[in-house]
Amino acid sequence: MSTGRFITVEGIDGAGKSSHLEYLASAIRARGAGVVVTREPGGTPLGEKLRAMALNDPMEGTTEALVMFAARREHLVRVIEPALGRGDWVLSDRFSDATYAYQCGGRGLPASVFETLERLVHPDRQPDATFLFDLDPATAYERQRAQSRDPDRFEREAAEFFRRVRDAYLDRARSSGGRIHVIDASGTLDTVRDRLARAFAKAFA
Ligand code: TYD
């Protein structure tokens, strides 16, 4: 049986990561592997309920981090580990790097609290590779506005919030030992896809 890999995509709202999920899934299938495409917060029935709360109901910062990690624990135990155990690949739209970026970078949650929760919830699991779609917050905001759907609680945050989130993502990429691949998400969809294809080929050469 082939060995499953755990892949995540990250980036600030509007960076365009979700547009590239299907491409990544097909690149994985082209290698002959099964792939489970999933997302956070969410990915399980309970996780989707927690997602609706996290995205819509105002809550205190530590509560927000706990909700993200509660949804993550369900996701890990019920979806991610079983899929990897079967030899499938898992492709998740966000994982713990998002908590580091949004809750620590954006909201000011201490990194020590994040690390404690991370150790509790997934002590033995990290993504094998993460593709971080990096874009300046002004361009990301324009892209998001063009989608013309009701913004959620995070999407309504000010540009300064997204600058902090972006910086936290980039800091984490720098200290990830090569796990996090930063993709320049400026330019057309095709241009970004080419960059992603190169990064994917490099990660799984
Ligand atoms: P997102 O993944 O961007 O979905 P959509 O494309 O449907 O808007 O939305 C999830 C939001 O949740 C996003 O604003 C980031 C936020 N989030 C956190 O703040 N912390 C986390 O740990 C996770 C997983 C997401």
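Nothing here was measured: the structure is a model prediction, and the numbers come from that model.

Trainee: Please clarify how the packing of helix 2 (residues 45-56) against helix 3 (residues 61-86) should be interpreted in this entry.
Mentor: The geometry of a pair of packed helices is captured by two quantities: the angle between their axes and the separation between those axes. Between helix 2 and helix 3, the shortest axis-to-axis distance is 9 Å and the interhelical angle comes to 165°. By the angle between their axes, helix 2 is roughly antiparallel relative to helix 3. Of the two elements, helix 2 crosses helix 3, and the hand of that crossing is left-handed. Across from L46, G47, L50 and A54 in helix 2, the residues of helix 3 making contact are V67, M68, A70, A71 and E74. Counted by class, the contact of helix 2 with helix 3 contains seven nonpolar, one polar and one charged residues.

Trainee: Help me understand the site of the ligand in this model?
Mentor: Contacts to the ligand come from 16 residues, most closely from D13, R51, R94, T99 and Q103. Taking R149, its side chain carries an N or O atom lying 3.2 Å from an oxygen atom of the ligand. Between the ligand and E155, the relevant distance is 3.1 Å, taken from an oxygen atom to a side-chain nitrogen or oxygen of the residue. Expressed as a share of its isolated accessible area of 550 Å², the protein-covered part of the ligand is 90%. Only helix 2, helix 3 and helix 4 (96-106) provide two or more residues apiece to the shell around the ligand. It is helix 4 that contributes the most residues to the shell around the ligand, four residues altogether.

Trainee: Got a minute to help me understand the nonpolar core in this structure?
Mentor: Soluble globular proteins tend to bury their nonpolar side chains together. Ranked by size, the top nonpolar core spans 43 residues in total, and within it L91, Y102, F131, F133 and F200 carry the most contacts. In this structure F200 touches I7, L24, A27, I28, R31, W89 and F131, once residues within four positions along its chain are discounted.

Trainee: Teacher, can you tell me more about the packing of aromatic side chains here?
Mentor: The geometry of an aromatic ring pair is captured by the separation of the ring centres together with the interplanar angle, meaning the angle of the planes. This structure, assessed with the given rule, holds 10 aromatic pairs. Where Y100 meets F114, the ring centres are 5.5 Å apart and the plane angle is 70°; that geometry is what we call edge-to-face. With a gap of 14 residues between them, Y100 in helix 4 and F114 in helix 5 (residues 111-121) connect regions that are remote in the sequence. Taking relative accessible area as the criterion, F114 reaches 1% and is therefore assigned buried. Between F200 and F204, the ring centres sit 5.3 Å apart and the planes meet at 50°, which makes this aromatic pair tilted.

Trainee: What is the right way to read the pattern of salt bridges from this model?
Mentor: Close approach of charged atoms allows side chains with opposite charge to pair. By the definition in use, this model includes 21 salt bridges. The partner of R145 in a salt bridge is E142, and the shortest N-O contact between them spans 3.1 Å. On the criterion of helical spacing, the pair formed by R145 and E142 is a turn pair, its members being three residues apart in helix 6 (residues 137-146). With relative accessibility at 42%, the residue E142 sits in the partly exposed group. R163 serves as the salt-bridge partner of E160, at 3.1 Å between the closest nitrogen and oxygen. Residue E160 and its partner R163 are both found in helix 7 (residues 159-174); the two are separated by three residues, about one turn of the helix. The exposure class of E160 is partly exposed, given its relative accessible area of 39%. Assessed through its relative accessible area of 43%, R163 is described here as partly exposed.

Trainee: Looking at this structure, how should I read the pairing of strand 1 (residues 6-11)?
Mentor: Looking along a regular strand, one sees side chains alternate from face to face of the sheet. Burial within strand 1 is extensive, with six of its six residues counted as buried. Of the two faces of strand 1, the one lined by F6, T8 and E10 and the one lined by I7, V9 and G11 are each fully buried. Pairing of strand 1 with strand 3 (residues 89-93), which is carried by four bridges, proceeds in the parallel orientation. Pairing of I7 across the sheet is with L91, part of strand 3. Pairing of strand 1 with strand 4 (residues 129-134), which is carried by five bridges, proceeds in the parallel orientation. Opposite G11, over in strand 4, you have F133 as the bridge partner.

Calculation rules
- Residues numbered from 1 in each chain as written.
- Predicted model: local features only at pLDDT ≥ 70, side-chain atom pairs only at ≥ 80, totals over all residues.
- Heavy atoms only, no water.
- Axes fitted to C-alpha atoms, helices over the stretch in contact; angles between N-to-C directions.
- Helix = DSSP H or I, 4+ residues; strand = E, 2+ residues; numbered from the N terminus.
- Parallel < 35°, antiparallel > 145°, perpendicular 65-115°, else oblique.
- Left-handed = near helix turned anticlockwise from the far one by under 90°.
- Contact = heavy atoms within 4.5 Å.
- Nonpolar A, V, L, I, M, F, W, Y, C, P; charged D, E, K, R; others polar.
- Near = heavy atom within 4 Å.
- Polar contact = N/O pair within 3.5 Å; in protein donor to acceptor, adjacent residues only side chain to side chain.
- Areas by Shrake-Rupley, 256 points an atom, 1.4 Å probe, with all protein chains shown as cover.
- Core = buried A, V, L, I, M, F, W, Y, C linked by side-chain atoms within 4.5 Å.
- Buried < 20%, exposed > 50% of the residue type's maximum accessible area, 1.4 Å probe, protein only.
- Phe/Tyr/Trp six-rings, centres within 6.5 Å; stacked < 30°, edge-to-face > 60°.
- Salt bridge = Lys/Arg side-chain N within 4 Å of Asp/Glu carboxyl O.
- Pairing = 2+ DSSP bridges.

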